[in-house]
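Remarks on the overall topology
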Amino acid sequence: MTAFSFHLSATDGAARTGTIKTPRGEIRTPAFMPVGTAATVKAMLPGSVRETGADILLGNTYHLMLRPTAERIDRLGGLHRFMNWQRPILTDSGGFQVMSLSGLRRLTEEGVRFKSHVDGSEHWLTPERSMEIQRLLGSDIVMCFDECPALPATEAEVAVSMRLSMRWAQRSRDAFGDRPGHALFGIQQGGVTQDLRAESAAALCRIGFDGYAVGGLAVGEGQEAMFGVLDYAPGLLPADRPRYLMGVGKPDDIVGAVERGIDMMDCVLPSRSGRTGQAFTRRGPVNIRNARHMDDPRPLDDTCPCPACAGYSRAYLHHVFRSGEIIASMLLTWHNLHYYQDLMAGLRRAIADQRLAAFTAGFHALRAEGDIEPL
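Residues numbered from 1 in each chain as written. Predicted model: local features only at pLDDT ≥ 70, side-chain atom pairs only at ≥ 80, totals over all residues. Heavy atoms only, no water.

What follows is about the sheet that holds strand S9 (residues 122-125). Read from one edge of the open sheet, three strands run S7-S8-S9, paired in antiparallel fashion. The strands lining the two open edges of the sheet, one partner per strand, are strand S7 (105-107) and S9. The average angle at which neighbouring strand axes cross in this sheet is 15°, direction not considered. (Pairing = 2+ DSSP bridges. Helix = DSSP H or I, 4+ residues; strand = E, 2+ residues; numbered from the N terminus. Axes fitted to C-alpha atoms, helices over the stretch in contact; angles between N-to-C directions.)

Right under this line is the structure:
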């Protein structure tokens, strides 16, 4: 069996490009992971997601443990077979979703007791149970169970939460055990405080993980504060392991994160935006609901080869979206995922060719120009 490994092939400043090798295939980095929350990337077939250039998908432990349950997925052959995606899958730990339940949860040193948002049933999630669920799912990359406090929070509150997460990280490591071909990632916490981030990183490095995530960002702190943390946080983590920024993000967030040394990202934004009528283009977002597109015969982006741009006009996309047709979500999501993967490919090439500064300058310049005026 192919072992999990990470190879850096080039750097440009803090930015890195390389390859993660897993038994189910290689992941080119920097990588964007489309989110398949409930074992599907909404409005897309797995083969179509792969055609956009995606090497890996993200599945959600919280949602899958509730419905259809990890045990059922295991009996049916595991998550890869269940959702017909034979390439790598990363699953989150369920911690973020559980922490977001607010009044429906109770946190203790042992774990979190919570009520399902689906049917109100009570569940108990601990580091050990999270590892068990992700094992039943058959995840290639497993995430530690952690607590992620919403910002703003006091430094004292963040410190208590971070230290709990580090104790849970050790329990996650112990419960994960020895699983050749599978990887376990630790999650750095500490809010926007550099000393707490350094303490968290040191604790994780003492435990030892196959990769490391920068957690606790994109939770209300704003882009400036997020980039401020990313100016130092990735550098606190081992350079020979993948670095994953969780839950990010917008295209300019992605570019800024890659410039600061991040290797992996995920976000629901490209698929969610596709379902709500927003398309991402090299000149910025386009709201296809707007009446200005009603008579426009041009594609969303005349440089994009995706099916939405190759075969359909803005006028058509406006029509089917306003009519509530399912094809609108399909085409806009396909376009958005293609845009994100094309952006990642461009970043990888630019880093390999030592021209990242020129690439990012061109990226920002086009977005500043804005969408082209309608005919």
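Having seen the structure, we can now continue with the description.
Further remarks concern the sheet that holds strand S14 (residues 264-267). Ordered in space as S4-S5-S6-S10-S11-S12-S13-S14, the eight strands form a closed barrel in which the pairing is parallel. Here the strands of the sheet are splayed against their neighbours by 30° on average, with no regard to which way each runs. In this sheet, strand S12 (residues 211-214) lies alongside strand S11 (residues 183-188) in parallel orientation, the contact comprising four bridges. In the sheet register, Phe185 faces S12, and the bridge partner there is Gly211. Across the sheet, helix H6 (residues 127-137) lies against strand S6 (89-91), strand S10 (141-143) and S11, angled at about 160° from S10, the strand it touches most. Of the strands in this sheet, strand S4 (31-36) and S14 are in contact with helix H14 (residues 326-352), which crosses S4 at around 155°. (Contact = heavy atoms within 4.5 Å.)

Positionally, Ala291 belongs in the loop between strand S16 (284-287) and helix H12 (307-311). Sequence separation of Ala291 and Asp342 is 51 residues, and the distance between their C-alpha atoms is 28 Å.

Position of Ser172 among the secondary structure elements: in helix H7 (residues 155-176). Here the side chain of Ser172 touches Phe145 through a polar contact of 3.3 Å, landing on its backbone nitrogen. Beyond its immediate sequence surroundings of up to four residues, Ser172 is in contact with Pro127, Met131, Cys144, Phe145 and Leu184. (Polar contact = N/O pair within 3.5 Å; in protein donor to acceptor, adjacent residues only side chain to side chain.)

Before going further, it helps to spend a moment on the pattern of salt bridges. By the definition in use, this model includes 21 salt bridges. For Arg87, the salt bridge is made with Asp55, and the minimal N-O distance between the two is 4.0 Å. Of the two residues, Arg87 sits in the loop between helix H4 (79-83) and S6 while Asp55 sits in the loop between helix H1 (46-51) and strand S5 (57-59), which places them 32 residues apart along the sequence. Residue Arg87 shares its accessibility class with Asp55, and that shared class is buried. Measuring nitrogen to oxygen at the nearest pair gives 2.8 Å for the salt bridge that ties Asp231 to Arg260. Taken as a pair, Asp231 in the loop between helix H9 (223-230) and strand S13 (243-245) and Arg260 in the loop between helix H10 (251-259) and S14 lie far apart in primary sequence, 29 residues in all. For Asp231, a relative accessible area of 54% puts it in the exposed group. (Salt bridge = Lys/Arg side-chain N within 4 Å of Asp/Glu carboxyl O. Buried < 20%, exposed > 50% of the residue type's maximum accessible area, 1.4 Å probe, protein only.)

All told, the structure shown has eight aromatic pairs when counted by the stated rule. Geometrically, the ring pair formed by Tyr339 and Tyr340 is edge-to-face, given 6.0 Å between the ring centres and 75° between the ring planes. Its relative accessible area of 10% is what places Tyr339 among the buried residues. Ring-pair connections join several aromatic residues into one group, and the members of that group are Phe32, Phe280, Tyr339 and Tyr340. Stacked on the ring of Phe227, the Lys or Arg Arg260 has its end atom at 4.1 Å from the ring centre. (Phe/Tyr/Trp six-rings, centres within 6.5 Å; stacked < 30°, edge-to-face > 60°. Lys NZ or Arg CZ within 6 Å of the ring centre and 35° of its normal.)

Two measures define how a pair of helices packs: the angle their axes make with one another and the distance between the axes. Direction vectors running N to C along H10 and helix H15 (residues 356-369) enclose 165°, while the axes themselves pass 12 Å from each other. Between H10 and H15, the angle is such that the two are roughly antiparallel. The way H10 lies across H15 gives a crossing that is left-handed. Residue-level contacts link Pro251, Asp252, Val255 and Glu259 of H10 to Leu356, Thr360, Phe363, His364 and Arg367 of H15. (Parallel < 35°, antiparallel > 145°, perpendicular 65-115°, else oblique. Left-handed = near helix turned anticlockwise from the far one by under 90°.)

Below, the discussion takes up the environment of Gly220. The topology assignment puts Gly220 in the loop between S12 and H9. Along the sequence, Gly220 and Tyr339 sit 119 residues apart, while their C-alpha atoms lie 25 Å from each other.

The next subject is H6. All of the buried residues along H6 are Pro127, Ser130, Met131, Ile133, Gln134, Leu136 and Leu137. The first or second residue beyond H6 is Gly138, which carries a positive phi of 85°.

In this structure, Asp140 sits in the loop between H6 and S10. With sequence-adjacent residues up to four places away left out, Asp140 is seen in contact with Arg24, His80, Arg87, Pro88, Ile89, Gly181, His182 and Ala183.

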